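One letter stands for each residue in the lines below.
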Amino acid sequence: MVKQVMNLEFIGSTLKQHRLSRAMSIRELSSISGIASSTISQIETGKNSPNLLTLKAICDALDIPVFSLFMEEDQTKIRLVRKDDREPFVRNTSKGAPVKESLIIQGKNEMYGGVVEMPPHTDSGAFSHHGGEEFVFVLEGTINFYLEGHNEYELHEEDTLYYPNYIGHRWENKSDSTVKMLMVSTSPYNF
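Just so we're clear, the structure is a prediction, and the values are computed from it rather than from any experiment.

**Thoughts on the environment of F135**
- Relative to the helices and strands, F135 resides in strand β5 (residues 133–140).
- Apart from the residues within four sequence positions on either side, F135 is in contact with T160, L161, Y162, L182, M183 and V184.

Below is the structure:
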C-alpha cells in the first residue's frame, strides 16, 4: 500500500487563492465553515496538517471539491523555457577556453537539464561524484566520456549515455570542433 503525503504548501495556497478570489476574509471563512480563524491561517501557510473533516468544512464554505486539494494542477508542473530566455553561464574553463552551459529546465523539479558547449580540446576536469542519475544526448560533434572504473565511451552526434551519478564521470572534447550536448540530471544543477 502506497502512503500518500499531503502537500501542505499546495493545499494552503490553493485554499487561500479560492478564499481571496471570493473576496472573503479569514474571519468570514471561519464563520461560514465553523473552523477557527487561527487554524485556517495555519493551513493557508502550510503550518498545519488538517484532517479531512476540517478540509471538507473549509472546501464546502468555499464551494470547491476536497479532491482538488490532492491533485496538484498539471500547469504547476509545466516549464517552458524559450531559447532566447536561456541564460548561459561559465562554470569552469579548460585550457583557457570557457565551457558554456545554459539551463533549459528552470524552477523546482525532479530533473534538471542543461546544454553544454565544449570548445575544441577541452575537458570537464576531475571525476565528479554526486547523487541521482544523468542522461547525455550529443547534439553536435564527438565527445569522450569516462566513467570511473568502467569503459571510455566515444559519443557521436545523437548518441546517448545514461549513468548513475555515484560513478565518477568526466568528459573530454578531443576534436577540433565545438561539441554541444544536452545533459539531464536528477541531482540539482550547481553553477
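**Some details on the nonpolar core**
- Ranked by internal contacts, the top residues of the largest apolar core, which has 16 residues, are I143, F145 and M181.
- At the level of secondary structure, the elements contributing two or more residues to this core comprise β3 (112–118), β5, β6 (143–147), β8 (160–164) and β10 (179–185).
- Leaving out residues up to four positions away in the same chain, I143 has contacts with M118, V138, Y153, E154, L155, W171, E172, N173, V179 and M181.
- Ranked by size, the runner-up nonpolar core spans 14 residues in total, among them I11, L29, I35 and I43.

**Details of helix α3 (residues 37–44)**
- Every buried residue of α3 is listed here: I40, I43 and E44. Here the buried residues of α3 occupy an arc of 95° about the axis, which is enough to place them on one side.
- In this structure, the buried side of α3 is in contact with α1 (8–21), α2 (26–33) and α4 (52–62).
- Positive backbone phi, at 75°, marks G46, one or two positions downstream of α3.

**Concerning the packing of aromatic side chains**
- Applying the stated criterion across every chain yields a total of 2 aromatic pairs.
- One aromatic cluster in this structure is built from F145, Y163 and W171.

**Details of α1**
- Along its 14 residues, α1 runs 20 Å from first to last C-alpha, staying within 8% of the 20 Å computed at 1.5 Å per residue.
- All of the buried residues along α1 are F10, I11, G12, T14, L15 and R19.
- Where α1 terminates, the next one or two residues include A23, which has phi positive at roughly 50°.

**Observations regarding the sheet that holds strand β4 (residues 122–123)**
- With respect to topology, 4 strands assemble into an open sheet ordered β4-β9-β6-β7, the strand pairing being antiparallel. Because the sheet does not close on itself, it has two edges, and the strands there are β4 and β7 (152–155).
- Here β6 runs beside β7; their pairing, made up of 4 bridges, is antiparallel. When the sheet's bridge partners are listed, Y146 is paired in β7 with E152.

**A look at unusual backbone geometry**
- A positive phi angle, close to 50°, is found at A23, a residue other than glycine.
- Given a relative accessible area of 67%, A23 falls into the exposed group.
- Although it is not a glycine, H121 adopts a positive phi angle of roughly 55°.
- You can see H121 is positioned in the loop between β3 and β4.
- We classify H121 as partly exposed; its relative accessible area is 38%.

**What about the environment of L55?**
- Residue placement: L55 occurs in helix α4.
- For the pair L55 and P65, spaced 10 residues apart in sequence, the C-alpha to C-alpha distance is 9.7 Å.
- The residues contacting L55, other than those within four sequence positions of it, are M6, I11, L15, P50, V66, L69 and F70.

Procedures and definitions
- Counting starts from 1 at the beginning of each chain's written sequence and moves along it residue by residue.
- Local features are withheld for residues below a pLDDT of 70 in this predicted model, meaning they are given only at 70 or higher, and side-chain atom pairs are given and counted only at 80 or more; totals for whole chains, interfaces and linings count all residues.
- Side-chain metrics rest on all non-hydrogen atoms present in the structure, leaving aside hydrogens and water.
- Only DSSP runs of H or I with at least four residues qualify as helices, and only runs of E with at least two residues qualify as strands; both kinds are numbered from the N terminus onward.
- Contacts are assigned to residue pairs with any non-hydrogen atoms lying within 4.5 Å of each other.
- Remark: nonpolar core denotes a set of buried residues (Ala, Val, Leu, Ile, Met, Phe, Trp, Tyr, Cys) joined through side-chain atoms within 4.5 Å.
- Type-normalised accessible area, obtained with a 1.4 Å probe on protein chains alone, sets the label of each residue: buried when under 20%, exposed when over 50%, and partly exposed for intermediate values.
- This arc is built from the directions going out from the helix axis to the C-beta atoms.
- When two rings of Phe, Tyr or Trp (its six-membered ring) have centres within 6.5 Å they constitute a pair, described as stacked for plane angles under 30 degrees, edge-to-face for angles over 60, and tilted for the intermediate range.
- Any helix carries an expected span of 1.5 Å times its number of residues minus one.
- Only strands that DSSP links by at least two bridges are regarded as paired with each other.

Keep in mind these numbers describe shape, not what the thing actually does.
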